[in-house]
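Okay, here's what each chain looks like letter by letter:
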Amino acid sequence: DVIMVLSCLGDAAEEKGDHENAEQYYEDALLTAQENHSDNSRMYRDYAMTLVENGYIARAEDVMRQNGSEDAGSLFIRACIDLWEGDANACIQKAEEILGTGADADLCADACVLAADACLKKETGSSVSMTKASDGGGTEEERVSWFERAVSWSGDIKYLRLLAGEYWKQVGDTRKTTYY
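Residues numbered from 1 in each chain as written. Predicted model: local features only at pLDDT ≥ 70, side-chain atom pairs only at ≥ 80, totals over all residues. Heavy atoms only, no water.

K.L.:
Help me understand helix α4 (residues 57–67) in this model?
P.N.:
Since the α-helix packs 3.6 residues into each turn, any two residues three or four apart lie on the same face. Buried within α4 we find Ile57, Ala60, Val63, Met64 and Asn67. The buried residues of α4 all sit within an arc of 120° when viewed along its axis, so they share a single face. Relative to its buried face, α4 has exposed residues pointing more than 90 degrees away, namely Ala58, Arg65 and Gln66. (Buried < 20%, exposed > 50% of the residue type's maximum accessible area, 1.4 Å probe, protein only. Helix = DSSP H or I, 4+ residues; strand = E, 2+ residues; numbered from the N terminus. Arc of directions from axis to C-beta.)

K.L.:
Where do I start with the pattern of salt bridges in this structure?
P.N.:
All told, the structure shown has six salt bridges when counted by the stated rule. A salt bridge links Asp117 to Arg143; the nearest nitrogen and oxygen atoms lie 3.8 Å apart. Here Asp117 is found in helix α7 (residues 105–124), whereas its partner Arg143 is found in helix α8 (residues 140–153), with 26 residues between them in sequence. A salt bridge links Lys169 to Glu166; its shortest N-O distance comes to 4.0 Å. One end of the pair, Lys169, and the other, Glu166, are both in helix α9 (residues 157–177), three residues apart, so they sit about a helical turn from each other. (Salt bridge = Lys/Arg side-chain N within 4 Å of Asp/Glu carboxyl O.)

K.L.:
Explain the layout of surface pockets here, please?
P.N.:
Summary: where empty space remains is shown by rolling a probe the size of a single water molecule over the atoms. Estimates place the volume of the largest pocket at around 1100 Å³. Going through the elements one at a time, α1 (2–15), α2 (19–35), α3 (41–53), α5 (72–84), α7, α8 and α9 are the ones with two or more residues in the lining of the largest pocket. Ranked by residues supplied to the lining of the largest pocket, first place goes to α7 with seven residues. Looking at the lining of the largest pocket residue by residue, the class counts come to twelve nonpolar, five polar and 16 charged. (1 Å grid on protein atoms, 1.4 Å probe; cavity = no way out; pocket = protein on both sides within 12 Å on 5 of 7 lines; lining within 4 Å. Points joined across faces, edges and corners; volume = space filled by probe spheres on them. Nonpolar A, V, L, I, M, F, W, Y, C, P; charged D, E, K, R; others polar.)

As structure tokens, then:
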């Protein structure tokens, strides 16, 4: 159906890092879903997430208010906003809350990845997907733990790749300090 195609195009654009086109596809999918009175909570979340990644925090909050639900997806967007605004600890706390809501496995896995990003932000002052700086202290072990949790929620290959990448990074960091 048209809604699914638009949403998939948004997902594809997002995967390529083309946030502007992803935003447009998600907005079109959301409008089409509204016209057809379809369930659109995932589209609200995808659209709001893209807005956050483009730095449109107020618009993302408006989109989630339009959704009107206080579900795990809304909590996920609020966690993304916390990370964007530099509050890694609040982001991690919300990720933990999401895991306890009974949300679908993919949303829980995404919450784990977001928490791993928050750990990186705490550790280095930067993030994989967000760009504002933060202070605090996280560890590589915390990141690995969050990626492992993501894999336990969803065996999707993208989560396995993230975990493998973190393992690889840690092995590379260890090899740099080992003298032969």
